[in-house]
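The lines below spell out each chain.
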Amino acid sequence: MSEQQPQQSSDVKTEQTSNDTKKDNPYPIKYEYELLPEDYTNFDISFKLIVIGDSGVGKSSLTNNAVKNVFEESYNATVGFEFFTFNVRMCGKVVKLQIWDTCGQELYRSLITNFYRNSSLAVIVYAINSKETFENIEMWLRELRTHSSPDIKIYLIGNKADLEKEREVTKESAEEYCKLNKIPIFMEASAKTGLNAQNIFLKAAEMLYDDYNLYQSKKKDEDDFESGKDENKKLGDTDSDNKKGGCC
């Protein structure tokens, strides 16, 4: 994560969305928020995210919908990676998510592992109409936990929820998998309809923002504790000097 001092800007186009309209979202956003343009340059905190999963599950389409609110039917397969930014203002702070959308081909697997490092959160995507992509989550999860930080956050997303008639993976199966593997967030989404596309990254921003504040609070408590110890030590040294000096 990184920090930058916010700057004042004018005439910035923003989008305000009510959390009450977020249907089909089992993890509602608890903060009021304001979506900002992708090219918004000022921020208070930034986090690196990585999106992984098999080729063809719709990772790029889902991210593109969340960031730009568009869906392209004939989206070309990602070669290497694509980079997006998702900016949101919450609690008076601008949170920037630096999203690295990776390809799923075996050919680029060794390249992808480089993006695991220093990522605060990983989004694993499978397609609900492909049992194979769901079964391969195990491989992605194992690879992720091998190469990333042990405290990385992980989301599981079942994309292509609009293809209900072609479903091969039940929601219950995915939820059970998350319980067994201690994955805190699971959502079904659709890049085509936009279902939960933005919610994925809004929830990520909220969770990372909360973790950041918790870290800062703990750090302040530790600094205050160490400062108190230093003050007590100085007082102890002063008392000792006074005793040594005596008066006779």
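Up top is the structure these notes are about.
Residues numbered from 1 in each chain as written. Predicted model: local features only at pLDDT ≥ 70, side-chain atom pairs only at ≥ 80, totals over all residues. Heavy atoms only, no water.

**Student:** Explanation requested: the overall build of the protein in the structure shown.
**Tutor:** Across its full length, the protein carries six helices and nine strands. Every one of the 248 residues in the protein was classed for burial, and the buried ones make up 46%. Considering only contacts in the protein between residues 6 or more positions apart, those separated by 24 or more positions represent 76%. Of the roughly 13,800 Å² of accessible surface on the protein, 48% is carried by carbon and sulfur atoms. (Helix = DSSP H or I, 4+ residues; strand = E, 2+ residues; numbered from the N terminus. Buried < 20%, exposed > 50% of the residue type's maximum accessible area, 1.4 Å probe, protein only. Contact = heavy atoms within 4.5 Å. Areas by Shrake-Rupley, 256 points an atom, 1.4 Å probe, with all protein chains shown as cover.)

**Student:** Honestly, the pattern of salt bridges in this entry has me stumped. Any pointers?
**Tutor:** Any two side chains of opposite charge can pair, on the condition that their charged atoms come close. All told, the structure shown has six salt bridges when counted by the stated rule. Across the salt bridge formed by D210 and K30, the nearest N and O atoms sit 3.0 Å from each other. Taken as a pair, D210 in helix α6 (residues 197-245) and K30 in the loop between β2 (15-16) and β3 (33-36) lie far apart in primary sequence, 180 residues in all. Given the relative accessible area of 56%, K30 is considered exposed. Two residues, E206 and K203, come together in a salt bridge whose shortest N-O distance is 2.6 Å. Here E206 and its partner K203 are both found in helix α6, three residues apart, which amounts to about one turn of the helix. Taken together, the salt bridges that share partners define one network made up of E164, R167 and E188. (Salt bridge = Lys/Arg side-chain N within 4 Å of Asp/Glu carboxyl O.)

**Student:** It is not clear to me how the nonpolar core should be interpreted in this structure. Could you clarify?
**Tutor:** The tendency in soluble globular proteins is for nonpolar side chains to be buried side by side. One finds L49, F86, V88, L97, I99 and I200 to be the most contacted residues of the largest nonpolar core, which totals 39 residues. When residues in this core are grouped by element, the largest group, 10 residues, is from α6. Once residues within four sequence positions are removed from consideration, L97 is found in contact with F47, L49, F84, T85, F86, F201, A204, A205 and L208. (Core = buried A, V, L, I, M, F, W, Y, C linked by side-chain atoms within 4.5 Å.)

**Student:** Looking at this structure, I do not really get the environment of S120. What am I missing?
**Tutor:** Looking at where S120 falls in the secondary structure, it is placed in the loop between α2 (109-116) and β7 (121-127). On a C-alpha basis, the gap between S120 and S46 in space is 9.9 Å, while along the polypeptide they are 74 residues apart. Excluding anything up to four places from it in sequence, S120 contacts F47, K48, I152, K153 and L208.

**Student:** Which parts of the structure should I look at to understand helix α1 (residues 59-68)?
**Tutor:** Each full turn of the α-helix corresponds to 3.6 residues, which orients residues three or four apart in the same direction. Judged by how many residues are buried, α1 sits mostly within the fold: nine of 10 residues are covered. Taken together, the buried positions of α1 are occupied by K59, S60, S61, L62, T63, N64, N65, A66 and V67. Of the residues one or two after α1, N69 is the one with positive phi, at around 60 degrees.

**Student:** For this particular structure, what's the right way to read a negative patch on the surface?
**Tutor:** A surface patch of negative charge is lined by E73, D162, E166 and E168. When you line up the elements, E166 lands in the loop between β8 (153-159) and α5 (171-180). (Patch = residues over 30% accessible without salt bridge, like charges linked within 9 Å, V, L, I, M, F, W, Y side chains within 5 Å. Lys, Arg positive; Asp, Glu negative; His and termini not counted. Charge placed at Lys NZ, Arg CZ, Asp CG, Glu CD.)

**Student:** Before we go on, may I ask you to explain unusual backbone geometry in this structure?
**Tutor:** Of note in this structure, N69 is not a glycine but carries a positive phi near 60 degrees. Mapped onto the fold, N69 is located in the loop between α1 and β5 (81-90). Overall, the relative accessible area of 56% leaves N69 in the exposed class. Positive phi values are uncommon outside glycine, yet N118 reaches one of about 65 degrees. Along the chain, N118 falls in the loop between α2 and β7.

**Student:** Teacher, can you tell me more about α5 here?
**Tutor:** Within the sequence span of α5, burial applies to A174, Y177 and C178. Seen along its axis, α5 keeps its buried residues to an arc of 100 degrees; they face one direction. Exposed side chains of α5 directed beyond 90 degrees from the buried face belong to E172, K179 and L180. Phi turns positive, to about 55 degrees, at K182, one or two residues after α5. (Arc of directions from axis to C-beta.)

**Student:** When you look at the environment of R145 in this model, what are you seeing that I'm missing?
**Tutor:** Its place among the elements puts R145 in helix α4 (residues 137-147). The class of R145 is partly exposed, set by a relative accessible area of 44%. Residues R145 and Y116, 29 residues apart in the sequence, show an inter-C-alpha distance of 8.9 Å. Contacts of R145, omitting those with residues within four sequence positions, involve I154, N181 and K182. From its side chain, R145 meets the backbone oxygen of N181 in a polar contact 2.8 Å long. (Polar contact = N/O pair within 3.5 Å; in protein donor to acceptor, adjacent residues only side chain to side chain.)

Shape is all these values report; function is a separate question.
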